[in-house]
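Chain and residue survey
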Amino acid sequence: MKKTKYILSGHNSFYLRDGWLNKGYKLVENKDIIEANLFSKNNIDTVDTLGLGSMMVQSLKFWMVLLGVLKKESATRYKLSEIAEEIFKVDPYLQNRNTLWILHLNIFNLKDDKAILWDCIFEKDSNYNNFTREDLDSYVGTYLREKEVTASSKTIKDCLNTFIKMYSSKIDIPISPEENLFSPFSRLDYLSDNGEYYRFRNIDHNELSEYIAYLIFWRKLRKNYSSDQLSLSEGYKEVNGFIKMSFFDYEKLVSKLEVKNVIKIDRAAGLENIIFNSLVKNEVDIIKKILQDESR
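Here goes a summary of the coordinates provided.

In a regular helix each residue adds 1.5 Å, so 14 residues correspond to 20 Å; helix H7 (residues 133–146) covers 20 Å between its end C-alpha atoms and thus fits that length. On its buried face, H7 sits against helix H6 (116–123), strand S6 (130–131) and helix H8 (153–167). Looking one or two residues beyond H7, the residue adopting positive phi is Glu148, at roughly 60°.

The next point concerns the packing of aromatic side chains. A full pass over the atoms with the stated rule returns 26 aromatic pairs. Ring geometry for Trp63 against Trp118: centres 6.2 Å apart, planes inclined by 75°, an arrangement best described as edge-to-face. In this pair, Trp63 sits in helix H3 (residues 54–66) while Trp118 sits in helix H6, placing the two residues 55 residues apart along the sequence. There is no split in this pair, since Trp63 and Trp118 are both buried. Measuring from centroid to centroid gives 5.2 Å for Trp101 and Tyr190, while their planes differ by 80°, and the two rings are edge-to-face. With Trp101 in helix H5 (residues 97–106) and Tyr190 in the loop between H8 and strand S7 (191–193), this pair connects stretches of sequence that are 89 residues apart.

Turning our attention to the side chain of Ser81. For Ser81, the location among the structural elements is in the loop between strand S4 (77–80) and helix H4 (82–90). A relative accessible area of 3% means that Ser81 is categorised as buried. Reaching out from Ser81, the side chain makes a polar contact with the backbone oxygen of Gly68 at a distance of 2.6 Å. Separated by 3.0 Å, the side chain of Ser81 and the backbone nitrogen of Ala84 make a polar contact.

Spatial ordering of the open sheet is given by S2-S4-S3, a layout of three strands whose pairing is antiparallel. The outermost strands of the open sheet, each flanked by one partner alone, are strand S2 (34–35) and strand S3 (70–72). As judged from the two bridges shared by S2 and S4, these two strands associate in the antiparallel manner. When the sheet's bridge partners are listed, Glu35 is paired in S4 with Arg77.

Right, let's get into the pairing of strand S11 (residues 273–276). Pairing analysis gives three bridges linking strand S9 (residues 229–231) to S11, with the strands arranged antiparallel. By the bridge assignment, Ser231 is partnered in S11 with Asn273. As paired elements, strand S10 (residues 263–266) and S11 share four bridges and run antiparallel to each other. Each bridged residue has a counterpart across the sheet, and for Lys264 the counterpart in S11 is Ile275.

Membership of the largest hydrophobic core comes to 100 residues, with the highest contact counts inside it found for Leu21, Phe39, Trp118, Phe217 and Ile243. Looking at this core, the element that brings in the most residues is helix H9 (residues 210–223), giving nine residues. Here Phe217 is in contact with Leu230, Gly235, Val239, Tyr250, Val254, Leu257, Ile274 and Phe276, once residues within four sequence places are set aside.

Procedures and definitions
- Residues numbered from 1 in each chain as written.
- Predicted model: local features only at pLDDT ≥ 70, side-chain atom pairs only at ≥ 80, totals over all residues.
- Heavy atoms only, no water.
- Helix = DSSP H or I, 4+ residues; strand = E, 2+ residues; numbered from the N terminus.
- Expected span 1.5 Å × (residues − 1).
- Contact = heavy atoms within 4.5 Å.
- Phe/Tyr/Trp six-rings, centres within 6.5 Å; stacked < 30°, edge-to-face > 60°.
- Buried < 20%, exposed > 50% of the residue type's maximum accessible area, 1.4 Å probe, protein only.
- Polar contact = N/O pair within 3.5 Å; in protein donor to acceptor, adjacent residues only side chain to side chain.
- Pairing = 2+ DSSP bridges.
- Core = buried A, V, L, I, M, F, W, Y, C linked by side-chain atoms within 4.5 Å.

So, to be careful, I would describe these as geometric facts and stop short of saying anything about function.
See the structure below:
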């Protein structure tokens, strides 16, 4: 069995900036195979084409892989993912929040690698929504040691700073033109900062497509071939492990899927199992359903 590779750094301290993914997509959209050296800091043609600094170009490749835009074919070769092709055909500038939720979920869906910082932070108990920077430093350091991942305190702090800027809705006064570019994920207003602590807010069911929940269910079942159903509570734990929301809002999403006859809830003997009327075989079909929903 292939050993899991834990990804911690590789972004060169640059969080994803608005417009980067679109630039990266246009660079590779007509290429069947993408060689890693296309994103080398020494590739002057790429630096000039993207209009980014050489270290930013390397960072862009990191984010394109982490967000499922590029799929690894080997250590040095990549392909554009089918998911990315659908996304940039419908929403090239990532204005739809559903698009951002798809990309967010892709971070947890890497084939052989794990983005350990995301796994660590979102693994926490769903009630643990408020935290200080010191809380994160301590918790992440302990988590990495448990996974036998070696990282200096400086690296941990740097990666946490990048993570926070990736999701934070707080806009600071820019200190340079470069710093005036914000992460597209800030549009989700998911991570707030009141000056004392950070908080992942609970997402309202009206803020995202119900097919986002279906995508989470589908991926869970694909990893567990021995079962074709989930209990309602198991489904909530799975969804809430990626997107924080109350059980009430989760039930609203499930109800919408029921109304569309995608699933039904077997409430016999109080089991409350989610029954899939026709579990789709192709993930891209679910992505298309999500992208069809009106921008939210």
